[in-house]
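# Structural features, examined
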Amino acid sequence: MLRIFLTVSVLFWNQLAAQDAVAEGLGLCEKDDCLTPAVIIEDKNYLEVQFKERRRIETDVDAVDIKSALAIGLDKLFSYARCGNVAGTIVPLSAPWGVFGYVKNGEIQQRFRVFLEIVPQVTNPPEPTDPTVEIVTAPPVWYYGRGFNKKVDEQQTEELVIQFLKDLEQDNQPFNSTFFDIAYFDTQGLMAMGFMKTEE
Ligand SMILES: *[C@@H]1O[C@H](CO)[C@@H](O)[C@H](O)[C@H]1NC(C)=O
């Protein structure tokens, strides 16, 4: 894990900029090359955020928990960025990185989809050579989001996800409770978690 995080620090020098731009506890970045919220509406202790279209690389990982999913998945995604692509070139990436996770009967499942943002300036990213790595163009979407700015361990992270799910259910919010997303903006615990809104 340490090796991966050191690599992250080198690749994501602009994460320092991201750190300054934490929007009300939700780790959102206002730089052009970061994930940008189009709209933020404060709502109780979470936010409604609209994300613009953006491009990521993603890979599916079976793993016991989020931490091991990230270790396995990010390794593959960094390989893509470091010449593991048909152009044999370096592809510049940006924070955040993270996972999509799946919830069933109130339990986080042991499969994840690990992702990393590609900087928007790269208009035509080369195809991965690893068939398990995919380039995904994510459509504009609304999320309920909650931000954190302290280091939490695996168990606490999972508890925070389930707590957020319960809070949204209690508030009768229209959201898809089958999956969540956790985005990390630095290695010091700046993170946001979200559930997708299902209606406007
Ligand atoms: C929730 O998300 C899952 C996975 O993307 C999808 O298959 C399902 O149709 C969604 N459900 C609703 C109610 O939007």
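Described in the following lines is the structure provided in the data block. Small disclaimer: the values here were computed from a predicted structure and weren't measured.

Scoring rules and cut-offs
- Residues numbered from 1 in each chain as written.
- Predicted model: local features only at pLDDT ≥ 70, side-chain atom pairs only at ≥ 80, totals over all residues.
- Heavy atoms only, no water.
- Salt bridge = Lys/Arg side-chain N within 4 Å of Asp/Glu carboxyl O.
- Buried < 20%, exposed > 50% of the residue type's maximum accessible area, 1.4 Å probe, protein only.
- Near = heavy atom within 4 Å.
- Polar contact = N/O pair within 3.5 Å; in protein donor to acceptor, adjacent residues only side chain to side chain.
- Areas by Shrake-Rupley, 256 points an atom, 1.4 Å probe, with all protein chains shown as cover.
- Nonpolar A, V, L, I, M, F, W, Y, C, P; charged D, E, K, R; others polar.
- Helix = DSSP H or I, 4+ residues; strand = E, 2+ residues; numbered from the N terminus.
- Pairing = 2+ DSSP bridges.

Using the criterion set out here, one finds six salt bridges in the structure. A salt bridge links Glu58 to Arg56; its shortest N-O distance comes to 2.7 Å. Accessibility expressed as a relative area gives 4% for Glu58, which makes it buried. When the shortest N-O distance is used, the salt bridge between Arg113 and Asp60 registers 2.9 Å.

Looking at the ligand, the residues that line it are Asn176, Thr178, Phe179 and Thr198. The contact in question runs from an oxygen atom of the ligand to an N or O atom on the side chain of Asn176, over 2.2 Å. At 3.4 Å, a side-chain N or O of Thr178 approaches an oxygen atom of the ligand. Protein chains shield 31% of the accessible area of the ligand, which is 360 Å² for the free molecule. When grouped by side-chain class, the residues that make up the shell around the ligand number one nonpolar, three polar and no charged.

Further remarks concern the pairing of strand β9 (residues 190-196). For β9, the buried fraction is high: six of the seven residues fall into the buried class. Summarising the sheet, strand β7 (residues 141-149) and β9 pair through seven bridges and their orientation is antiparallel. In the sheet register, Phe148 faces β9, and the bridge partner there is Met191. Note that strand β8 (residues 179-184) and β9 share four bridges and pair antiparallel. Looking at β9, one finds that Tyr184 is bridged to Met191. Hairpin connection of β8 to β9: five residues between the antiparallel strands, including Gly189 at a positive phi of 105°.

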